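A closer look at the structure
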Amino acid sequence: MQFYRDTWVEVNLDYIKENYVNIQNHLQGGTKVMAIVKANGYGHGAQQVAKHVVESGVDYLGVALLDEAIALRSYGIEVPILVLGWVAPEYASKAARYGITLTVFQNEWLQALEETSQPLTLHLKFDTGMNRLGINDENEAKLIINTIKQNPSLKLEGAFSHFATADELDSELVNQQMSRFSNYLSLMKKEGITPEIVHFGNSAGAIRFPEYEQQYVRVGISLYGLSPSEEMKEVLPFSLKQAFSLHSRLTHVKQIGPGDTVSYGATYEASEKEWIGTVPIGYADGWPRRYADKGHVLVEGHYCKIVGRICMDQLLIRLPYKVDVGTKATLVGEQKGLEITVDDIAMQNDTINYEIPCLISSRVPRIYKKNNVIIETMNQILNNS
Ligand SMILES: Cc1ncc(COP(=O)(O)O)c(C=O)c1O
């Protein structure tokens, strides 16, 4: 027993593998999947997802932060890891020591580097339309390439860019981005550099443009079995399997009568005799407070409405009849043929599916299942796994 609370996330590792294999088989020309496990593997658990996808065949990982990359190394992950975000130049030697690949797009950054005892592997990032990070000027690109050439401890391994709208079916900006990127690749060639690794596609790009010539696609959301957007669901060439589910158990069940109110602010008033169940999950666990009065929880195969305000650690639901304390309550997932998906929760909260598993905080333990058997439990409060 590695946790003592009644709320947990279940991650189906078989689904993650199936999604990976389907995406990999869909790609053409030898393009491979770089698995994106930033933000604790989109809330699923970076270490466990990384280990599992590497065992399944992935040979490059991507994260947002150097800290995330170092955590993976400390966990024993040995494949190359690319940090997609900006890392302060004073930490570059740390990255080199851990064999972690950094992203570069500023000449001043290169000039600020201190001597590294080990070679530092770099990927050049080009901004082709996202206007977030990246080189967006040819002269800057030449300057950076020249600075890299003059520093023998730097290894320029890759070049990449990032789509802003690949998940929308209108491809105008996508086409512009591809053409700007190929101009940058030609410029690199003219400067005498052909990177070993070129990567552009995210999940949406990988699914929509499998023939695009690149060594890797950086796949996040679809690995976890979620569609990059609602409109992309129409064009998915295979079904994605949602790996994430969220469950709890009722800690209290009571009957209230007409006029009785529920939770802070007494915003919900019973109009008749009702059974109310207490579910031990709240906004401190990342369950959105604004979800009150909109959402449902599955209990014994019934959709039970969330009633009253969501508290820090608990929420209340209206039950169809008296059920026992300890009965399973599914907030995301399936029960008796009914399902609440991550997409349902996202839509009802006016957000995107990416945000929902990321929001579920480290207070909620993660259980990892393979072949329907729990193979690992991660409880970050007690720091055990
Ligand atoms: C630079 C970069 N590449 C790849 C990804 C993965 O994108 P997706 O989760 O849509 O596959 C992200 C995610 O935000 C990203 O920021």
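Residues numbered from 1 in each chain as written. Predicted model: local features only at pLDDT ≥ 70, side-chain atom pairs only at ≥ 80, totals over all residues. Heavy atoms only, no water.

Around the ligand, the neighbouring residues are Lys38, Tyr42, Leu84, Arg132, His162, Asn202, Ser203, Arg218, Val219, Gly220, Ile221 and Tyr354. At a separation of 2.8 Å, a nitrogen atom of the ligand approaches a polar side-chain atom of Arg218. Between the ligand and Gly220 there is a distance of 2.8 Å, counted from an oxygen atom to a backbone nitrogen or oxygen. Coverage of the ligand by the protein chains reaches 91% of its 390 Å² of free accessible surface. If you list the elements that add at least two residues to the shell around the ligand, you get helix H2 (38-42) and strand E9 (216-219). Grouping the constituent residues of the shell around the ligand by class yields five nonpolar, four polar and three charged. (Near = heavy atom within 4 Å. Polar contact = N/O pair within 3.5 Å; in protein donor to acceptor, adjacent residues only side chain to side chain. Areas by Shrake-Rupley, 256 points an atom, 1.4 Å probe, with all protein chains shown as cover. Helix = DSSP H or I, 4+ residues; strand = E, 2+ residues; numbered from the N terminus. Nonpolar A, V, L, I, M, F, W, Y, C, P; charged D, E, K, R; others polar.)

The next thing to look at is the domain arrangement of the chain. As far as domains go, the chain holds domain 1 (13-226) and domain 2 (244-353). Relative placement of domain 1 and domain 2: their C-alpha centres are 40 Å apart. Facing four residues of domain 1, the contacting portion of domain 2 comprises four residues. Summed over both sides, the interface of domain 1 with domain 2 buries roughly 310 Å², with 68% coming from carbon and sulfur. (Domains from an automatic or database assignment. Contact = heavy atoms within 4.5 Å. Buried area = accessible area lost by both parts, 1.4 Å probe.)

A few words now on the packing of aromatic side chains. Both the distance between ring centres and the angle between the ring planes are used here to describe each pair of aromatic rings. Scanning the model with the defined rule gives ten aromatic pairs in all. Both rings, one in Tyr60 and one in Tyr216, keep their centres 5.5 Å apart while their planes meet at 75 degrees; by these two values the pair is edge-to-face. You can see Tyr60 sitting in the loop between helix H3 (46-56) and strand E3 (61-63) and its partner Tyr216 sitting in strand E9, a full 156 residues away along the chain. Tyr216 shares its class with Tyr60; the two are buried. Consider the rings of Phe163 and Phe200, whose centres lie 4.0 Å apart with planes at 10 degrees: the pair is stacked. In this pair, Phe163 sits in the loop between strand E7 (154-160) and helix H8 (172-190) while Phe200 sits in the loop between strand E8 (197-199) and helix H9 (203-208), placing the two residues 37 residues apart along the sequence. Look at Phe163 and you get buried, because its relative accessible area is 4%. Residue Phe200 is classed as buried on the basis of its relative accessible area, which comes to 0%. (Phe/Tyr/Trp six-rings, centres within 6.5 Å; stacked < 30°, edge-to-face > 60°. Buried < 20%, exposed > 50% of the residue type's maximum accessible area, 1.4 Å probe, protein only.)

Further remarks concern the pairing of E7. In terms of burial, E7 is a largely internal element, six of the seven residues being buried. With six bridges joining them, strand E6 (residues 120-125) and E7 adopt parallel strand pairing. The partner of Leu124 across the bridge, within E7, is Ala159. Chirality of the crossover, the property in question, places the unit of E6, helix H7 (residues 138-150) and E7 among those that are right-handed. Inspection of the sheet shows E7 paired to E8 by three bridges, in the parallel sense. Following the sheet pairing, Phe160 is matched in E8 by His199. (Pairing = 2+ DSSP bridges. Right-handed = clockwise from strand over helix to strand, strands pointing away.)

This brings us to a nonpolar patch on the surface. A cluster of nonpolar side chains, namely Tyr4, Ile381 and Leu382, defines an oily patch on the protein surface of about 370 Å² accessible area. Taking relative accessible area as the criterion, Tyr4 reaches 63% and is therefore assigned exposed. (Patch = residues over 30% accessible without salt bridge, like charges linked within 9 Å, V, L, I, M, F, W, Y side chains within 5 Å. Salt bridge = Lys/Arg side-chain N within 4 Å of Asp/Glu carboxyl O.)

With that out of the way, let us pick up unusual backbone geometry. The phi dihedral of Ser263 falls on the positive side, at around 70 degrees, and the residue is not glycine. Taking the relative accessible area as the measure of exposure, Ser263 reaches 26% and is therefore partly exposed. One non-glycine residue, Asn372, lies in positive phi territory at about 65 degrees. In this fold, Asn372 is placed in the loop between strand E20 (366-370) and strand E21 (373-378). On the basis of relative accessibility, which here comes to 67%, the residue Asn372 falls in the exposed class.

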